[in-house]
There are 4 protein chains.
Amino acid sequence: MHTHEMISTHPAVGGALDPALVELIEDLFDCVQACTTCADACLAEDDVGALRECIRICLDCADVCTGMGRIVSRRVSFDAPGLKPLLETCAEICHACAVECDRHAAHHVHCRVSAEVCRRCEQACGTAAGALTAAVL
Amino acid sequence: MHTHEMISTHPAVGGALDPALVELIEDLFDCVQACTTCADACLAEDDVGALRECIRICLDCADVCTGMGRIVSRRVSFDAPGLKPLLETCAEICHACAVECDRHAAHHVHCRVSAEVCRRCEQACGTAAGALTAAVL
Amino acid sequence: MHTHEMISTHPAVGGALDPALVELIEDLFDCVQACTTCADACLAEDDVGALRECIRICLDCADVCTGMGRIVSRRVSFDAPGLKPLLETCAEICHACAVECDRHAAHHVHCRVSAEVCRRCEQACGTAAGALTAAVL
Amino acid sequence: MHTHEMISTHPAVGGALDPALVELIEDLFDCVQACTTCADACLAEDDVGALRECIRICLDCADVCTGMGRIVSRRVSFDAPGLKPLLETCAEICHACAVECDRHAAHHVHCRVSAEVCRRCEQACGTAAGALTAAVL
């Protein structure tokens, strides 16, 4: 992805670009991709009846991360007002999706990989939200 | 991104995974990211009044590529029915966005990078749509 | 929805607002809603195994109509360049989704309603695309 | 919109359908529509330079409500786990968008209407989140 080149040439980016912002954006789109494919892969499995909740939460997580990836792509730093609750909520849905995917990880590799991607995105959102708390103090 | 790991573990992927499919998906999400940031960066420029059309088409392109990236993430090969017109239309909007961004490339680096990402996505969509034609013959 | 109030107060709307544009936008968001619920309702049915293709195409249709609804919300008339191929492609996916939903309409009311909403959206897109052809001649 | 027909025929809807759920879904898509048009209308205004923040937050609000509208379209009641923080966050962004749009309401009718739609959506999200608290006690 060209995220670093795009954000670093935004006119509002004063001084050094926070690499964690670039990482967060890329983790979010990775999560959209992984959850979308995991939902479709679950749907194609023989035991689709046991994967209903996994499909539903993957679709939810993809929808939240789609919006979040676009919103953070309109930021040049983490200290934007209103970003903290969005990041915390996004971390929550990524966590819930990872937990559900992990339940099926032993049987379906796509669920295992999707859980990993969700956890990575959860951590990136959580770290970003935490940095925001620190910045306010 | 974990696109290759996700698609290659989908139960419907028979035999070898087409690397062009993985490349296409990643180009699409790259284009969502680049166009979203370019629109916001244009909005922050002093000459925003001259960048209205660039902002609008970047938002359009981001919306089309968001849908397309999700749709192709639900495919394991290019020979899915109905994919060809979607890919051709996506290539068209990416082309139009690249042309508009290029008009501002000399003054704004984000427009130059965004144009590059759009052209790459246009080519990936066009190649995929072309492969579909060949597959039907 | 407040679509008419929103579009009619856009500074670029010269003279009378085309009511078909307002109707199209509302049909598109109705289609996003119906297809999203239909996919989830199919997923909850006992015969989910027979509804896989219906779920997949409902998700595709919702993704295309989400983008299209947003794009047309950035227009004040149909004669915008580049709109015609987008509308034609959207009509195609709505048609394909309606055909698939209709296959299950006898057993599931949500599939019957979703098919109706898709056909209405298909017609709105087709009429709009046709108006564009006429405008060019 | 056909929201009531769609949700009421979902196999998981036990007994009476909560009309507030249908209302919430329709308010969310109305908000996507209004904020998307308001951003474009602001972009077309002569004083676009003074409307940058309004455009940005309208795009953010449209992205959050797009995801939220799709997520709630996959629910048949408010007591779904994980819904409360999403609704609260959505209410926050709708509130922030309404406040910003209101700042320009005297000069631009689209900002006034958009603010009204945002506030209505904020209230629908807040009422839904409040109902969730009550349900837990």
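Because the structure is predicted, anything quoted here is derived from the model rather than measured.

**As for the overall build of chain A**
Now for step 1: Helix and strand counts for chain A come out as five helices and zero strands.
Now for step 2: When its helices and strands are written in sequence order, chain A yields α-α-α-α-α.
Now for step 3: Scaling as 2.2 N^0.38, a compact globule of 137 residues should have a C-alpha radius of gyration of about 14 Å, and chain A matches this with 16 Å.
Now for step 4: The buried share of chain A, reckoned over its 137 residues, is 61%.
Now for step 5: Intrachain contacts of chain A at a sequence separation of at least 6 include 72% that bridge at least 24 residues.

**Quick look at the relation of the copies chain C and chain D**
Now for step 1: When chain C is fitted to chain D, the residual RMSD is 0.0 Å, and the transformation amounts to a turn of 180° plus an axial shift of 0.0 Å. Taken together, the turn and the small shift mark the pair as related by a two-fold rotation axis. Rotation axis and chain C: the residue whose C-alpha lies nearest the axis is C:F29, separated from it by 3.3 Å.
Now for step 2: Same-surface contact between copies: 100% of interface residues of chain C are shared with the interface of chain D.

**Looking at the interface of chain C and chain D**
Now for step 1: Opposite the 34 residues of chain C that make contact, chain D presents 34 residues.
Now for step 2: Here chain C packs against chain D, burying approximately 3200 Å² in sum over the two surfaces, 65% of which is carbon and sulfur.
Now for step 3: For the pair chain C and chain D, the number of links is two salt bridges.
Now for step 4: Note that C:R70 and D:D63 form a salt bridge whose closest N and O atoms lie 2.6 Å from each other.
Now for step 5: Joining chain C to chain D, the criterion identifies twelve residue pairs in polar contact (both at pLDDT 80 or more).
Now for step 6: Taken together, the residues of the side of chain C that touches chain D break down into 15 nonpolar, eleven polar and eight charged.

**Considerations on the interface of chain B and chain A**
Now for step 1: On the side of chain A, 34 residues touch chain B, which itself brings 34 residues to the contact.
Now for step 2: Where chain B abuts chain A, roughly 3200 Å² becomes buried across the two surfaces, and 65% of that area is made up of carbon and sulfur atoms.
Now for step 3: Linking chain B with chain A are two salt bridges.
Now for step 4: The tally of links between chain B and chain A comes to 14 residue pairs in polar contact (both at pLDDT 80 or more).
Now for step 5: If you list the elements that add at least two residues to the side of chain B that touches chain A, you get α1 (3-8), α2 (19-44), α3 (52-72) and α5 (109-136) of chain B.
Now for step 6: Per-element accounting of the side of chain B that touches chain A gives the leading share, twelve residues, to α2(B).
Now for step 7: A class-by-class count of the residues in the side of chain B that touches chain A yields 15 nonpolar, eleven polar and eight charged.

**Focus on the confidence of the model for chain A**
All names here are of chain A.
Now for step 1: Per-residue confidence for chain A gives a mean pLDDT of 93; residues scoring 70 or more make up 96%.
Now for step 2: Across chain A, helix α3 (residues 52-72) holds the top mean pLDDT of 98, while helix α5 (residues 109-136) sits lowest at 88.
Now for step 3: Predicted complex metrics record ipTM = 0.95 and pTM = 0.96.

**Here's the deal with the side chain of A:H2**
Now for step 1: Note that A:H2 resides in the segment before α1 (3-8).
Now for step 2: Within the local environment of A:H2, its side chain forms a polar contact with the side chain of B:D30, the two groups lying 2.6 Å apart.

**Here we look at the relation of the copies chain B and chain A**
Now for step 1: Aligned on chain A, chain B shows an RMSD of 0.0 Å; the corresponding rotation is 180° and the shift along the axis is 0.0 Å.
Now for step 2: Interface overlap between copies is the fraction of interface residues in one copy that are interface residues in the other; for chain B against chain A it reaches 100%, indicating a shared surface.

**Some remarks on the pattern of salt bridges**
Now for step 1: Summed over the entire model, instances satisfying the criterion amount to 52 salt bridges over all chains.
Now for step 2: Taken together, the shared-partner salt bridges connect A:D60, A:D63, B:R70, B:R74, B:R75, C:D60, C:D63, D:R70, D:R74 and D:R75 into one network.

Basis of the calculations
- Residues numbered from 1 in each chain as written.
- Chains lettered and ligands numbered in written order.
- Predicted model: local features only at pLDDT ≥ 70, side-chain atom pairs only at ≥ 80, totals over all residues.
- Heavy atoms only, no water.
- Helix = DSSP H or I, 4+ residues; strand = E, 2+ residues; numbered from the N terminus.
- Rg over C-alpha atoms; globule rule 2.2 N^0.38 Å.
- Buried < 20%, exposed > 50% of the residue type's maximum accessible area, 1.4 Å probe, protein only.
- Contact = heavy atoms within 4.5 Å.
- Least-squares fit on C-alpha atoms with pLDDT ≥ 70 in both.
- Buried area = accessible area lost by both parts, 1.4 Å probe.
- Salt bridge = Lys/Arg side-chain N within 4 Å of Asp/Glu carboxyl O.
- Polar contact = N/O pair within 3.5 Å; in protein donor to acceptor, adjacent residues only side chain to side chain.
- Nonpolar A, V, L, I, M, F, W, Y, C, P; charged D, E, K, R; others polar.
- pLDDT = per-residue confidence, 0-100.

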